[in-house]
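An overview of the molecular structure
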Amino acid sequence: MAHSTKKIQIAPTMESEAELVEQVVYDWCEVHQVDPKSHTAVMEGLRVLYLMREFDMKNRRQLLKALLDSDEGITPEA
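Residue indices follow the written sequence of each chain, beginning from 1 at its first position. Only residues with pLDDT of 70 or above have their local features reported here, since the model is predicted, and side-chain atom pairs are shown and tallied only from 80 upward, although totals for entire chains, interfaces and linings are computed over all residues. Side-chain metrics in this entry use all non-hydrogen atoms of the structure; hydrogen atoms and water are not considered.

Concerning the nonpolar core
Within the largest apolar cluster, 15 residues are counted, with the highest numbers of intra-cluster contacts made by Val24, Val25, Val48, Leu51, Met52, Leu63 and Leu67. Counting residues per element, the ones that place at least two in this core are helix H1 (12-32), helix H2 (39-54) and helix H3 (60-71). Only runs of H or I of at least four residues qualify as helices and only runs of E of at least two qualify as strands under DSSP, and these elements are numbered from the N terminus. Among the elements that line this core, the one with the most residues is H1, at six residues. Contacts: residue pairs with any heavy atoms within 4.5 Å of one another. Those residues in contact with Leu63 that sit more than four places away from it in its chain are Leu20, Val24, Val48, Leu51, Met52, Met57 and Lys58. Residues grouped as a nonpolar core are buried Ala, Val, Leu, Ile, Met, Phe, Trp, Tyr and Cys residues, joined through side-chain atoms within 4.5 Å. Under the scheme applied here, a residue whose accessible area is under 20% of the maximum for its type counts as buried, over 50% as exposed, and between as partly exposed, the area being computed with a 1.4 Å probe on protein chains only.

Printed below as a string of structure tokens:
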């Protein structure tokens, strides 16, 4: 079976959302000295995506702060 050479088109908002998640996770991994390709990093990516969608956060610093705060047991405000 031949593979398609067509590229999958991703909506611009989803693409920028994915880039933001990647950036925040990378920042978090640097703070905690975790491999960005580890299972832990993937789970943090899910947390970032949740924060973005549940609390409508779009700012990289705000998202990183929320992740670091939640590591300390502080929950984000809606």
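So much for the structure itself; the text now carries on.
Description of the confidence of the model for the protein chain
Residue-level confidence of the predictor is summarised by pLDDT, bounded by 0 at the bottom and 100 at the top. Per-residue pLDDT for the protein chain averages 87, and the proportion of residues at 70 or more is 81%. By mean pLDDT, H1 is the weakest element of the protein chain at 91, and H2 is the strongest at 95.

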